[in-house]
Amino acid sequence: MAPFTARAATADEVGRWDELVPANPLGGNVLQSGPFSRVKQRQGWTPIHLAVESAEYTSYVIAYQRTIPALGALWYLIKGPDTATPEDVPPFVEAVVAYARRRPGRVFAVKIEPDFPDTEDLRALFTGAGLVKTFNIQANDSTAILDLTPDEGQLLRNLSSRGRNAVRRALRDGVQAQRVEPGEETYRTMYALIGQAQQGRLSAVPRPYEYYRGFWQEFVDAGMGRFYFVYEDGKPSVGAFVILYGQKATYKDGGSLPKRNQYGDSHLVQWEAILDMKRLGAREYDFCGTPPADRLKDKEHPQYGLGMFKTSFTRTVTDFAGCYDAVVRPRTYRVWHALGERVARQIHWRRHRQPFY
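As a convention, each chain's residues are numbered from 1 in the sequence order in which they are written. pLDDT decides what is reported in this predicted model: residues at 70 or higher carry local features, side-chain atom pairs at 80 or more are listed and counted, and totals for whole chains, interfaces and linings draw on all residues regardless. Hydrogens and waters are ignored; side-chain quantities use all the structure's heavy atoms.

Chemist: Account for the overall build of the chain, naming residues and giving values.
Modeler: Summing up its helical and strand segments, the chain has 12 helices and 14 strands in all. In summary, the chain has a C-alpha radius of gyration of 21 Å against a globular reference of 21 Å for 357 residues, a match within 12%. In terms of its C-alpha atoms, the chain occupies a principal-axis envelope of roughly 60 × 45 × 40 Å. Relative accessibility decides the category of a residue: with a 1.4 Å probe and only protein chains considered, values under 20% of the type maximum give buried, values over 50% give exposed, and everything between is partly exposed. Going through the 357 residues of the chain one by one, you find that 53% of them count as buried. Here the chain displays about 16,500 Å² of accessible surface, and carbon together with sulfur accounts for 49% of that area. Neither His nor the chain termini are counted; the positive set is Lys and Arg, and the negative set is Asp and Glu. Where a charge lies is defined by one atom per residue type: Lys uses NZ, Arg uses CZ, Asp uses CG and Glu uses CD. Each charge class in the chain was averaged separately, 47 positive and 40 negative side chains, and the resulting centres sit 6 Å apart. Secondary structure elements are defined from DSSP: runs of H or I of at least 4 residues count as helices, runs of E of at least 2 residues count as strands, and each element is numbered from the N terminus. The globule rule used for comparison is 2.2 Å times the number of residues to the exponent 0.38, while the radius of gyration itself is calculated over C-alpha atoms. Residue burial considers only the protein chains on display, and all accessible areas are found by Shrake-Rupley using a 1.4 Å probe.

As structure tokens, then:
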């Protein structure tokens, strides 16, 4: 395992952040992007831009910092670190921990989410390095990812028969899916569709319109976010918001009216987005969240329906490593792990009606 050192990114590197992160060994992640850092900053997290270097490569990562009263500071490397191999993760994290110790604020833990598939060997590697497995946070810690490298014809043939037939029938029936321009009307329409889709889902955690609007605007302004609608009787009935970051496309938000007459409309809006992302240079399309692979057919899972829809495009579900904590201050971390985190999340929810993370 090669040694790493961590330092603050220079002003020039921060200015070129969305060029540098996609050049990381795994191609970067949209949750490490400049637009997303500004979203998190409005939620009370302070982005700390880091360059972590070895003799072979430099990887750029944001540590999102939140101060916890009476305890100190928590760092959260959302969907990071981005390293060439799983074996590089422990020394990478050691370098970040060493840097955190030198900074003010009394950092007591660094939370990580490396985008490597979860395996027994990976768990043994991480726990053997002293990392503590904790609950997963991100929607796409288990997800369906579609390979966009085949040509359009082969891409359609690669879908499951259910997905392929839905797309073909929608096209044959004249269903119209198209990219739409961003703006207040589009945002309001998309938010209404999300609300319709969330009705009756006990697992849904609604966010206010202001959150969505700010999120969408950041990625639209950066030239990364696009909206797609299907229309029925002249009105939007299905919507999707998709982000292109580097060579990775992510289906971030979706919604639909509950009662629709057009067969395959949800599949067609995804197909339109998939082809658009492919034309723009994306090599993969992340459907952003399914049940874990071993619960994909579990009808009791809150994401069962979404999982069935998303795996009609790609049958494979990837379970990523999820969250681990690197302990910086053991005594403080024990308090955090035993009680502090639960209390902090409860207080944050009561005050803001929004998730802590």
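Chemist: I'd love a proper account of the sheet that holds strand β6 (residues 132-133), names of residues and values included.
Modeler: Two strands pair under a simple rule: DSSP has to find at least two bridges between them. What the 7 strands build is an open sheet, ordered β1-β2-β3-β4-β5-β14-β6; its pairing is mixed. Every other strand in the sheet has two partners, leaving β1 (5-8) and β6 as the edge strands with one partner each. Pairing of β6 with strand β14 (residues 324-327), which is carried by 2 bridges, proceeds in the antiparallel orientation. Looking at β14, one finds that V132 is bridged to D325. Running over the sheet, helix α12 (residues 330-352) touches β3 (58-68), β4 (72-77), β5 (107-112), β6 and β14 and is turned about 70° from β5. By the convention used here, residues are in contact when the closest approach between their heavy atoms is within 4.5 Å. Every axis in this analysis is a line fitted to C-alpha atoms, fitted for helices over the stretch in contact. Angles between the N-to-C directions lie between 0 and 180 degrees.

Chemist: Run through unusual backbone geometry, naming residues and quoting values.
Modeler: Trans is the common state for peptide bonds, and a negative phi is the common state for residues other than glycine. Between G80 and the following residue, P81, the backbone shows a cis peptide bond with an omega angle of 5°. Secondary-structure assignment places P81 in the loop between β4 and α4 (89-102). Backbone geometry at R106 places phi at a positive 55°, although glycine is not the residue there. Tracing the chain through its elements places R106 in the loop between α4 and β5. Residue classification places R106 among the partly exposed positions, given a relative accessible area of 45%. One non-glycine residue with positive phi stands out, namely D233, at about 55°. Within the secondary structure, D233 sits in the loop between β9 (225-232) and β10 (235-245).

Chemist: Can you tell me about the environment of T46, naming the residues and giving the values?
Modeler: Counting through the fold element by element, T46 comes out in strand β2 (residues 46-53). Once the C-alpha coordinates of T46 and T67 are considered, the two residues, 21 residues apart in sequence, prove to be 9.0 Å apart. Among residues more than four places away in sequence, those in contact with T46 are A63, Y64 and Q65.

Chemist: So what's going on with the state of the cysteines? Residues and values would help.
Modeler: Two cysteines joined by a covalent bond between their sulfur atoms form a disulfide. Disulfides are defined as cysteine sulfur pairs within 2.5 Å. As enumerated under the stated definition, the model contains 0 disulfides in all. Between C288, a free cysteine, and C323, which holds the nearest cysteine sulfur, the sulfur-to-sulfur gap is 14 Å.

Chemist: Give me the packing of aromatic side chains: which residues, what numbers.
Modeler: Any Phe, Tyr or Trp ring, taking Trp's six-membered ring, that has another such ring centre within 6.5 Å forms a pair; planes under 30 degrees apart are called stacked, those over 60 apart edge-to-face, and the others tilted. Overall, the coordinates contain 30 aromatic pairs when judged by the stated rule. Judged by centre distance (6.4 Å) and plane angle (45°), the ring pair of W336 and F356 falls under tilted. Within this pair, whereas W336 is found in helix α12, its partner F356 is found in the segment after α12, the two being separated by 20 residues in sequence. Residue placement shows R66 over the ring face of F356; its charged tip is 4.8 Å from the ring centre. We call a charge positioned above a ring when the Lys NZ or Arg CZ atom is no farther than 6 Å from the ring centre and deviates by at most 35 degrees from the ring normal. The ring of Y324 has K133 lying over it, and the distance from NZ or CZ to the ring centre is 5.3 Å.

Chemist: Just give me the short version of the side chain of S266, but keep the residues and values in it.
Modeler: For S266, the location among the structural elements is in helix α10 (residues 265-279). Of the residues examined, S266 reaches a relative accessible area of 17% and is grouped as buried. Two N or O atoms form a polar contact when they lie within 3.5 Å of each other; inside protein one atom must be a possible hydrogen donor and the other a possible acceptor, and for residues adjacent in sequence the pair counts only when both atoms belong to side chains. A distance of 3.1 Å separates a polar atom in the side chain of S266 from a polar atom in the side chain of R260. Aside from chain neighbours lying at most four places away, what touches S266 is V238, R260 and F309.

Chemist: So, the sheet that holds strand β8 (residues 176-180): which residues are in play, and what are the values?
Modeler: If you walk across this open sheet you meet the 7 strands as β8-β9-β10-β11-β12-β7-β13, and the pairing is mixed. A strand with exactly one partner marks an edge of an open sheet, and here the two such strands are β8 and β13 (317-319). Pairwise comparison of adjacent strand axes, ignoring direction, gives a mean angle of 30° for this sheet. Pairing geometry for β10 and strand β11 (residues 248-256), over 8 bridges, is antiparallel. Paired with G239 across the strands is G255, a residue of β11. Across the face of the sheet, helix α9 (residues 209-221) comes into contact with β9, β10 and β11 while running at roughly 55° to β10. Contacting β7 (142-147), β8, β9, β10, β11 and β12 (284-286), α10 crosses the sheet at an angle of about 145° to β9.

Chemist: Please give an account of a nonpolar patch on the surface that cites residues and values.
Modeler: Only residues whose relative accessible area exceeds 30% and that form no salt bridge are eligible for patches; like-charged ones are grouped when within 9 Å, while nonpolar side chains (Val, Leu, Ile, Met, Phe, Trp, Tyr) are grouped when within 5 Å. A side-chain nitrogen of Lys or Arg and a carboxyl oxygen of Asp or Glu constitute a salt bridge if their distance falls within 4 Å. The grouping of L339, V343 and I347 at the surface amounts to a nonpolar patch, some 210 Å² of accessible area in total. On the basis of relative accessibility, which here comes to 31%, the residue I347 falls in the partly exposed class.

Chemist: Which residues make up the pattern of salt bridges, and what values go with them?
Modeler: Scanning the model with the defined rule gives 18 salt bridges in all. The salt bridge partner of K79 is D141, with a shortest N-O separation of 3.1 Å. In this pair, K79 is assigned in the loop between β4 and α4 and D141 in the loop between β6 and β7, connecting sequence segments 62 residues apart. When sorted by exposure, K79 lands in the same class as D141, which is buried. Its salt-bridge partner being R169, residue D173 comes within 3.3 Å of it at the nearest N-O pair. Among the ionic contacts, a cluster of salt bridges with common partners joins R7, E13 and E53.

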